[in-house]
Amino acid sequence: MSSFPTAQTATELLARVRQQRPRVHCLMNTVVQKFTADGITAVGGIPSMTSSEEEIESFVSKADALTINLGTLDAARRKVIRMALDVANDKGKPWIVDPVHCDYSPSRLDFVHELITLHPTIVRGNAAEMAVIGDVGNALSIQTGPQDLLRGGARSAKIANGHPWMAKVTGTGCLSGGVIAAFMAVESDPLLAAAAALTVTGVSAELAATQARGPGTFEATFLDALDAIDGNDILSLARIEHDEN
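Residues numbered from 1 in each chain as written. Predicted model: local features only at pLDDT ≥ 70, side-chain atom pairs only at ≥ 80, totals over all residues. Heavy atoms only, no water.

A. Representation of the overall build of the chain in the model. Tallying secondary structure elements over the chain gives 10 helices and 9 strands in all. In terms of overall dimensions, the chain is globule-like: its C-alpha atoms have a radius of gyration of 16 Å, near the 18 Å expected for 245 residues. For the chain, the C-alpha atoms occupy an extent of roughly 45 × 40 × 35 Å along the three principal directions. Across the chain, the mean location of the 20 positive side-chain charges is 3 Å away from that of the 28 negative side-chain charges. (Helix = DSSP H or I, 4+ residues; strand = E, 2+ residues; numbered from the N terminus. Rg over C-alpha atoms; globule rule 2.2 N^0.38 Å. Lys, Arg positive; Asp, Glu negative; His and termini not counted. Charge placed at Lys NZ, Arg CZ, Asp CG, Glu CD.)

See below:
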């Protein structure tokens, strides 16, 4: 497999996710839990969502990857996130953090900086969030937007797939974080995993938009497209650029 992301890489990794059915544990914004779980399931993963202190160690131990989303953050969720990451790091499981609205709240930004010291595999946020975070250490950095920009070490990539309706449906970004985690579970190279996942979600969005009438119907057709997308779709529609810095 190429060390740089390609449409073929995305096709191969989607097939691997569907074959291996990785378990993804989600400590997730409560507003979008079902949508995220449905998206992970649609691409072939198995989601779990509990944030119970009594259960978190068992669920993370059985998961193949972890996604941390800081929406609807409170003291109890901070505690459970710390517990979950103790387990994930002890067992060498990959994890991604989505620093939702850390540009709004100094205390949330402080928590993001704490999480970065725990060595996430990927930090994924929009331009405003990533600007206030600054250095993400050795993690792969993903800045989302009309084009998703991925930077890790000496490599970078740009994914130009997607559709404007994604910004009008709450949770599409959170869902893509869960899909990235599923791909990280089957591919140890974070850049390849994340680029493949974002290509799959972006192409699925484009396919969904051809069937939808607006944001409301787009949400349902997006899940349908994630379930139905195949290698031919990816190879014909993927828009991936990469560079060596």
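B. Highlighting the nonpolar core. In terms of nonpolar packing, the biggest core is built from 55 residues, with L150, I180, F183, F218 and F222 touching the most fellow members. Elements with a minimum of two residues in this core: α1 (7–20), β1 (23–27), α2 (33–43), β6 (140–144), β8 (155–159), α7 (172–184), α8 (190–209) and α9 (215–228). Looking at which element gives the most residues to this core, the answer is α8, with 13 residues. Beyond its immediate sequence surroundings of up to four residues, F218 is in contact with W165, M166, V169, A205, A208, A209 and A212. One finds A88, V97, F111 and V136 within the second-largest nonpolar core, a separate group that totals 26 residues. (Core = buried A, V, L, I, M, F, W, Y, C linked by side-chain atoms within 4.5 Å. Buried < 20%, exposed > 50% of the residue type's maximum accessible area, 1.4 Å probe, protein only. Contact = heavy atoms within 4.5 Å.)

C. Focus on the side chain of R155. One can find R155 in strand β8. Accessibility expressed as a relative area gives 19% for R155, which makes it buried. Within polar-contact distance, the side chain of R155 engages the backbone oxygen of S3 at 2.3 Å. (Polar contact = N/O pair within 3.5 Å; in protein donor to acceptor, adjacent residues only side chain to side chain.)

D. Layout of the packing of α2 against α9. In the contact formed by α2 and α9, the axes pass within 7 Å of each other and the chain directions differ by 25°. The angle between α2 and α9 falls in the class roughly parallel. When you trace α2 past α9, the crossing you get is right-handed. Taken together, the residues of α9 that come into contact with α2 (itself represented by F35, D38, G39, A42 and V43) are E219, F222, L223, L226 and D227. (Axes fitted to C-alpha atoms, helices over the stretch in contact; angles between N-to-C directions. Parallel < 35°, antiparallel > 145°, perpendicular 65-115°, else oblique. Left-handed = near helix turned anticlockwise from the far one by under 90°.)

E. Expanded view of the pattern of salt bridges. The full count for this structure, using the stated rule, is 7 salt bridges. Between E206 and R239 there is a salt bridge, and its shortest N-O distance comes to 3.1 Å. You can see E206 sitting in helix α8 and its partner R239 sitting in the loop between α10 (231–237) and β9 (240–244), a full 33 residues away along the chain. For E206, a relative accessible area of 15% corresponds to the buried category. (Salt bridge = Lys/Arg side-chain N within 4 Å of Asp/Glu carboxyl O.)

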